[in-house]
Amino acid sequence: MSGPGTGRISAAGGSAIDLSVIVPAYNEEQRLGPTLDAITRYLGEPEGRWGEWEVVVADDGSTDATREIVAARRDPRIQLVTSPRNRGKGHALRLGVAASRGRRVLLTDADLAAPIEELEKLDKALSEGNAAAVGSRSVPGATIGDHQHRLRELLGRAGNLLIRRVAVPGIRDTQCGFKLFDGDKARAAFAGSRLNGWGIDVEVLQHFRRADWPVAEVPVTWSHQSGSKLRPLDYARVLGELGRLKARALRPADAFVAVLFLLMATALYSGRFFDPAHRYLPDSLQDQNQWEWFFAVTADSVAHLRNPLFTDLQGFPDGVNLMANTVMLGLSVPFAPITLLFGPAIALSLCMTLGLAATAAAWYWLIVKRVVRQRAAAFLGASLAAFAPPMVSHANAHPNFVILFMIPLIIDRALRLCAGTRVVRDAVILGLMTAYQVFLGEEPLLLASIGMLLFAVAYGVLRRDVAKAAWRPLLRGLLIAAAVCLPIICYPLAWQFAGPQSYQSVLHGDNAGNSPLALLSFSERSLIAGDAERANALSLNPTEQNAFYGWPLALLAFAIVVRLWERAVVKALAFTALAAAVLSLGPKIRIPLTDTVLPGPWALLADKPLFESVIEGRVAMVCAPVLGMLLALAVERLATIRRLGTVYAGLLAVSLALLPLIPAPLKSTARADVPAFITDGMWKSYVRDGESLVPVPLPDPGNAEALRWQTAAHLGFKLPGGYFNGPYGDDRIGIYGASPRYTSNLLRDIRYSGKVPTIGKNWQAQAARDFAFWKAGVLVLAPQPNDTLLRQALEKLVGRPGKWTGGVWVWDLHEGS
């Protein structure tokens, strides 16, 4: 600080005070006296070094002689402000700072863990143009004499790490009780504070950061003093106060948008959301049964500490490689308590609803941070990104393509790497995020990578100066991210590609690409323009309507690109959308209304590792967030135009493009009841240890209701067959369901064809071999289409009639053995 007589400012109260020292105190009768002696002695010698000063003791409702010690001092420069009851350090500091008059304000704890002589270092930092100087124990140059207890030190470090991530990035030690502030700024910050506890340091520093007032972190000498008022429970209170700070930092508009996204997701799932155990989404085909089973088996593995990457509960006796199936361990594991308490139907419904809302909120956050500042524009863009027709189609059946909240975070972290400011930190976080996304969905990560690569190439060509500055830190960061990510995912991926029941690829046929007409048509679930017959004719099934953006949105996007063509980001987004759309057409592009077939660029990737299992039509999903960003840019530009006619015309065009895309709630139907044979536990007397229960026909991708039987029985029995991805044949080609056997094919064909072939001794012998392979304890035939014919076939295969019990026909395979 400058010497006396240089630049003093009259503070509130009219007196010229250069320095105010605030000492919060609660029951400090043992330490306060020596502390005041040390402070006044230092400030008074040599005379005039610190100019006019005052010491304000802020008593926080002490019940000992703290106040009397201050009152006994005859020095008018020592003041006392009191609180009638103990309310916390934050309240005491707020009282003390409000009573201060100094041009600069020093906060120091009553134990002087940082000696008053360290003021010299803080004063130097303030004189260099900073608004605050924070004493720190965590920066190079700091000296720690007596350490705290090891546990308290670890808790403190963990707390500081969390504070840096949540509230005040860049400051390593916010809790050292030795800080010097510009007086007026300190009074403004403390006056605006609300916390009464230990978290007030964070709240005030956050105020400085938002006001763009520079803060310096200064190494100091510090020694732990006995008698600290900080107790272990206070660490939890600080975390609670951090949560309050984070919630308060959220803008009302942002909170409103998050709630709106949640309501939108709930409305979409309303047919199932309010009674998931008894409602089914028919457009999910059999996927709802499959995903509920995935959640159930993962929760069971967590509860019993089993390997979550494999199970033989389905596909018995060979089992299922769960890592090679989309079990979404990143969510099914943390949702395990909900699954165990309330059942897999409720867990899946809650997960998909919250996940869709979180995905929309994540796109909104990215668009606000990177694309536009206007909240309304970002809301429209994020709504399109998360609720576009292909997303709604997958919302029926595929949580891994709906719950994409990590993708915007990964994109943002990759962009941070390009800036090159904190490459190591951002790369480590990117590596962890990528590893987590692997456990949410590998195919969405691959598609997102394609989109990011397309955008990066286009933007790099357009802005070579940016590319030149960014490629080195980006490359370095990606290498570090890979070094962080690979050790985490190495074992699960090795299990996925080389473990039991792994497979080489899943073949989807040569018609999995989109028709060009699909890009311009409307989806089945369009509230206004939906056409189920046309949509299903242009897609694989209702869960794979991967385009269907509609011709009005295509025209609007074209107009936006033309109008905003001067912006490099618009050109790059346009290239990304167009390239993704073309790739989604597949390796062969059939020109509509003709017999002409052209080779598509996807042919270059179709047989490459990883890409060979991708349904290429899904690449069009990349267009959803890209179109959302273009829409946000256009709406923000409209807000700056003063000509009302132009604004109205623009908003009308946006409305006409988006209205046909508003989805109707997903269709739902009542679920069939699980037979009493299962729910009442009758099956237990038929299935011995190591045996399986065989539903007739075996569960497969066309009829997986038996998976629900298994979850209703708390996974008490094993099932042959099933709905999963597994290997087939010597080449281990991926197929849906278990490797077929003669008897399973026979029973399936009877169900779907209604024809029973001649069954003689050869079929009976084959059935006996298949029953032995499945280690079958009982055959169970529930009421279903062609159940009479199935019963006749089973009577011939087994050699005796079944028994009607618990609402099903039962053949006990132990009889006569």
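The rules behind the values
- Residues numbered from 1 in each chain as written.
- Predicted model: local features only at pLDDT ≥ 70, side-chain atom pairs only at ≥ 80, totals over all residues.
- Heavy atoms only, no water.
- Helix = DSSP H or I, 4+ residues; strand = E, 2+ residues; numbered from the N terminus.
- Buried < 20%, exposed > 50% of the residue type's maximum accessible area, 1.4 Å probe, protein only.
- Contact = heavy atoms within 4.5 Å.
- Areas by Shrake-Rupley, 256 points an atom, 1.4 Å probe, with all protein chains shown as cover.
- Pairing = 2+ DSSP bridges.
- Axes fitted to C-alpha atoms, helices over the stretch in contact; angles between N-to-C directions.
- Core = buried A, V, L, I, M, F, W, Y, C linked by side-chain atoms within 4.5 Å.
- Phe/Tyr/Trp six-rings, centres within 6.5 Å; stacked < 30°, edge-to-face > 60°.
- Lys NZ or Arg CZ within 6 Å of the ring centre and 35° of its normal.
- Expected span 1.5 Å × (residues − 1).

Undergrad: Help me understand the overall build of the chain, please; the structure alone is not making it clear to me.
TA: Each helix and strand in the chain was counted, giving 31 helices and 21 strands. For the chain, the residues scored as buried account for 52% of the 817 residues in total. Partitioning the contacts of the chain with sequence separation of at least 6, the portion at a separation of at least 24 is 76%. When the accessible area of the chain is evaluated, it comes to approximately 35,900 Å², of which 60% is carbon and sulfur surface.

Undergrad: Help me understand the sheet that holds strand β4 (residues 104-108), please; the structure alone is not making it clear to me.
TA: Strand pairing within a sheet occurs via backbone hydrogen bonds; the two strands may be parallel or antiparallel. Taken together, the seven strands give an open sheet; going across it, the order is β3-β2-β1-β4-β7-β5-β8, and neighbouring strands pair in mixed fashion. Each end of this open sheet is capped by a strand with a single partner; those strands are β3 (78-82) and β8 (215-219). Looking at each pair of strands side by side, their axes are set apart by 20° on average, direction ignored. Where helix α4 (residues 119-127) meets the sheet, its contacts fall on β1 (19-25), β4, β5 (132-136), β7 (178-182) and β8, and the angle it forms with β7 comes to roughly 30°. Against the sheet, helix α6 (residues 183-191) contacts β4 and β7, and its axis sits at roughly 105° relative to β7.

Undergrad: I would appreciate a short explanation of the sheet that holds strand β16 (residues 692-696) in the present structure.
TA: Across the sheet, which stays open at both edges, the four strands sit in the order β16-β19-β21-β20 with mixed pairing between neighbours. The open sheet has two edge strands with one neighbour each: β16 and β20 (803-805). Pairwise comparison of adjacent strand axes, ignoring direction, gives a mean angle of 35° for this sheet. Alignment of β20 against strand β21 (residues 808-812), held across three bridges, turns out to be antiparallel. Residue pairing in the sheet places Thr805 in a bridge with Val808 of β21.

Undergrad: Before we go on, may I ask you to explain the nonpolar core in this structure?
TA: Side chains that are nonpolar tend, in soluble globular proteins, to be buried together. By size, the foremost hydrophobic cluster in this structure holds 146 residues, and its most contacted members are Phe261, Phe677, Ile678, Leu693 and Phe717. The element contributing the most residues to this core is helix α14 (residues 344-370), with 13 residues. Setting aside residues up to four positions removed in sequence, Leu693 forms contacts with Phe677, Ile678, Trp683, Val687, Phe717, Lys718, Leu719, Pro720, Val778 and Val780. Core analysis: the next-biggest nonpolar cluster, separate from the first, contains 34 residues, Val23, Ala113, Ile116 and Leu180 among them.

Undergrad: What is the right way to read the packing of aromatic side chains from this model?
TA: What characterises a pair of aromatic rings is the spacing of the ring centres plus the angle enclosed by the ring planes. Per the stated rule, a full pass over the model turns up 18 aromatic pairs. When the centroid spacing of 5.0 Å and the interplanar angle of 80° are considered together, the rings of Phe208 and Trp213 count as edge-to-face. For Phe208, a relative accessible area of 0% corresponds to the buried category. Its relative accessible area of 21% is what places Trp213 among the partly exposed residues. Between the aromatic rings of Phe261 and Phe379, the centroid separation amounts to 5.3 Å while the plane-to-plane angle is 25°, which identifies the pairing as stacked. Taken together, the residues span a long stretch of sequence, with Phe261 in helix α9 (residues 252-268) and Phe379 in helix α15 (residues 375-387) at a distance of 118 residues. Phe379 gets classed as buried once you look at its relative accessible area, which sits at 17%. Within the aromatic cluster, the residues linked to one another by ring pairs are Phe181, Phe190, Phe208 and Trp213. Sitting over the ring of Trp213, Lys185 keeps its end group 5.3 Å from the ring centre. One cation-aromatic arrangement involves Arg741 over Phe773; the distance from NZ or CZ to the ring centre is 4.0 Å.

Undergrad: Sorry, what's going on with helix α1 (residues 32-44) here?
TA: An α-helical turn contains 3.6 residues, so any two residues separated by three or four positions project in the same direction. When the terminal C-alpha atoms of α1 are compared, their 18 Å separation across 13 residues agrees well with the 18 Å that a helix rising 1.5 Å per residue should span. Among the residues of α1, Leu32, Gly33, Thr35, Leu36, Ala38, Ile39, Thr40, Tyr42 and Leu43 are the ones counted as buried.

Undergrad: Where do I start with unusual backbone geometry in this structure?
TA: Across the chain, the bulk of peptide bonds are trans and the bulk of non-glycine residues have phi less than zero. Going from Phe316 to Pro317, the amide bond is cis rather than trans, its omega being 10°. One can find Pro317 in the loop between β11 (310-311) and β12 (320-321). At the junction of Val696 and Pro697, the peptide bond is cis and its omega measures out at -10° in the coordinates. Tracing the backbone through its elements, the reader meets Pro697 in the loop between β16 and α28 (705-712). Despite not being glycine, Leu112 shows a phi value in the positive range, around 50°. Looking at where Leu112 falls in the secondary structure, it is placed in the loop between β4 and α4. Backbone geometry at Leu305 places phi at a positive 55°, although glycine is not the residue there. Within the secondary structure, Leu305 sits in the loop between α11 (287-303) and β11.

In short, geometric facts, not functional conclusions.
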